[in-house]
Amino acid sequence: MEGKILIVGFGPGSFEHITVRAREAIQESEVIIGYNTYVDLIRDLLTHQEIVRTGMTEEVSRAQKAVDLAVHGQVVAVISSGDAGVYGMAGLVYEVLIERGWHPGELPIVEVIPGISAINSCAALLGAPIMHDACTISLSDHLTPWSIIEKRIEAAASADFVIALYNPKSGRRTRQIVETQRILLKYRNPKTPVGLVKSAYRDRQQVIRTTLDDMLNHEIGMLTTVIIGNSSTFYHDHLMITPRGYQRKYTLDTAEQRLRPGERLKPENEPWSLNAAQESLLRSRIEPQSLLNQSIISESEHRTPRDWAAAALQTFHQGEASSLNAAGSTGFATKMPVPRASIFEVAVSPGIANKKFSSSQLVLIADLVGEQGEIEYTTAHQLILRTVTEDAESLVQSLRAAGLMVLPVGEVIKIKACDFCDGEKHEGIPYAEEISRRLAGLPVEKELRIGFNGCAMSCYGAVSEDIGLVFRKGKFDLFLGGKTTGRNAAPGQRVAEGIPAEEMPDLLERIVSAYRENAFPDERFHKFFARVGEIEGFMHRDRPQTVVADAVCGS
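Rules and cut-offs
- Residues numbered from 1 in each chain as written.
- Predicted model: local features only at pLDDT ≥ 70, side-chain atom pairs only at ≥ 80, totals over all residues.
- Heavy atoms only, no water.
- Helix = DSSP H or I, 4+ residues; strand = E, 2+ residues; numbered from the N terminus.
- Expected span 1.5 Å × (residues − 1).
- Buried < 20%, exposed > 50% of the residue type's maximum accessible area, 1.4 Å probe, protein only.
- Pairing = 2+ DSSP bridges.
- Axes fitted to C-alpha atoms, helices over the stretch in contact; angles between N-to-C directions.
- pLDDT = per-residue confidence, 0-100.
- Contact = heavy atoms within 4.5 Å.
- Salt bridge = Lys/Arg side-chain N within 4 Å of Asp/Glu carboxyl O.
- Core = buried A, V, L, I, M, F, W, Y, C linked by side-chain atoms within 4.5 Å.

Peer 1: Please set out helix α14 (residues 504–518) residue by residue, giving values where relevant.
Peer 2: Here α14 spans 21 Å end to end across 15 residues, near enough to the 21 Å set by a 1.5 Å rise per residue. When we look at burial in α14, the residues that qualify are M504, P505, L507, L508, I511, V512, S513, Y515 and N518.

Peer 1: Any chance you could break down the sheet that holds strand β21 (residues 475–480) for me, citing the residues and the numbers?
Peer 2: Spatially, five strands are ordered β18-β19-β20-β21-β22 in an open sheet, and the strand pairing comes out mixed. Strands with a single pairing partner mark the edges of an open sheet, and in this sheet they are β18 (413–417) and β22 (493–500). Averaged over all pairs of adjacent strands, the angle between their axes in this sheet comes to 20 degrees, without regard to strand direction. Two strands pair when backbone bridges link them, and strand β19 (residues 448–453) and strand β20 (residues 467–472) are joined in this way by four bridges, in the parallel orientation.

Peer 1: Account for the confidence of the model for the chain, naming residues and giving values.
Peer 2: For the chain, per-residue confidence averages 84 on the pLDDT scale, and 81% of positions sit at 70 or higher. Scored below 50 in pLDDT, residues 286–306 makes 26 contacts in the model with residues more than four places away or belonging to other chains. With pLDDT under 50 throughout, residues 319–341 is counted as low confidence; its partners more than four residues away or in other chains account for 14 contacts.

Peer 1: Outline the pattern of salt bridges, listing residues and values.
Peer 2: Enumeration over the complete set of coordinates arrives at 28 salt bridges. Across the pair E154 and K186 runs a salt bridge whose closest N-O atoms are separated by 2.8 Å. Remark: K186 occurs in the loop between α7 (175–184) and β9 (193–198) and E154 occurs in helix α6 (residues 146–158); sequence separation between them is 32 residues. Here R438 and E509 are joined by a salt bridge, their closest N and O atoms 2.9 Å apart. One end of the pair, R438, is in helix α13 (residues 429–439); the other, E509, is in helix α14, with 71 residues separating them in the sequence. Taking relative accessible area as the criterion, E509 reaches 31% and is therefore assigned partly exposed.

Peer 1: Quick rundown of the nonpolar core? Include the residues and the values.
Peer 2: In terms of nonpolar packing, the biggest core is built from 41 residues, with I467, L469 and L478 touching the most fellow members. Secondary structure elements with two or more residues in this core: β18, α13, β19, β20, β21, β22, α14 and α15 (525–532). Looking at which element gives the most residues to this core, the answer is α14, with six residues. If sequence neighbours within four positions are ignored, I467 has contacts with L448, R449, I450, G451, A462, L478, F479, L480, L508, I511, V512 and F525.

Here it is as structure tokens:
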């Protein structure tokens, strides 16, 4: 008889969640090999099979035993809870076979039978927390160095992944989950939803809904899976939900949609997409004059901006093809790519509160821009630099080394503060700097201006910006939905007074996150506020109250 190894993932453990193929594989097996707990979970499915059961840390011996028996012609099932290919036995069995010179197609036959992994079963109990990009990280450092695990946590946290933590804690491993929380709090709101699920779909199932800052106050062990939400995850009653992003293009409360089916996948209706970004980049950075030197452009032709972009993309691909042809049989280019000069555009300022450039900073800016570039002053208290460069990174480093703030331009968040009476009213400056550090330069659907007044005099007029902050006596007044242009220009609605200063950076971050996640393409903040009707508990009013700006300082 031909030997066979069936690597079976049987899901969370309940009979109704074991797939038909998994049950069939167990029935056709002559030998069942597994961890003690796993064997107990499927005992009702066992009939005639010989059982080989081992304890923790005996995974290698289980894999070796399975290979030995299969080589001698037996049908062996190696069982894992969840999915055998996710922290299970599938990879280890293959590794043991490879060490013995085995190749696919040879005996013994190997079949991996998928099961429901913990990230999926636990998510189902919590609601829908992994509707967007997610990853799994095991906190067990018995086989993987902690330094590597730490880097993976850092990367996943900074990239805003929903994270499922496997093997979070044991009797001997207690610090790993604490360190994980510390890293996550560098990037996530303390009130980020967190689900703790123990023994999903088993007799002792336990489901706890908590938050990132509170998670360690609950029991966490080896049978617990920890699911940590991303920046958009929220609780609705007992449900933990991560939006997929449908509200960017669809209205969920009406049958009639703003975009027709044929329009929904066009780049102009998906300005956040790679295709749209690529078109925008090509239009903004490629000099039409340089394309005139290419044979693909005829001087007699009339070119639209889209034509220029298409021609530039064709030229780029031709350059890539030339590099590949020069690469030889290896398929890799042997030369470094030739730097391409492009128009670089960036905003600079001496600081969020500082409005004074030093002479050395101005000289540096002039030198970097050169005779062919230009400098534009803006009402956002920034200078826009435009110049042709082959090394934008070095240019940015030079500006930052001179003590200048460097920010992107375009549809981004701009934070404009008063000068805090030339620094005399300095109490609000740390909050302005913290808000700037978190939000300035983030991409949004339409330019979002946040105004910051350092005292109740409000001489700068922050209340007229998209979001206005007025700092007075250690607290903030908050204004939302200002409209600065047009015949119907109006200040924002004063939605709150006396917000404790230490709460404002987190609150503002949540407001901005709601706009970034749910705004329609090209939708300005005041229109977004009117459409959704409520942000962070602040209700929109159709007729905002009149806001009387206080007199200018000294008048």
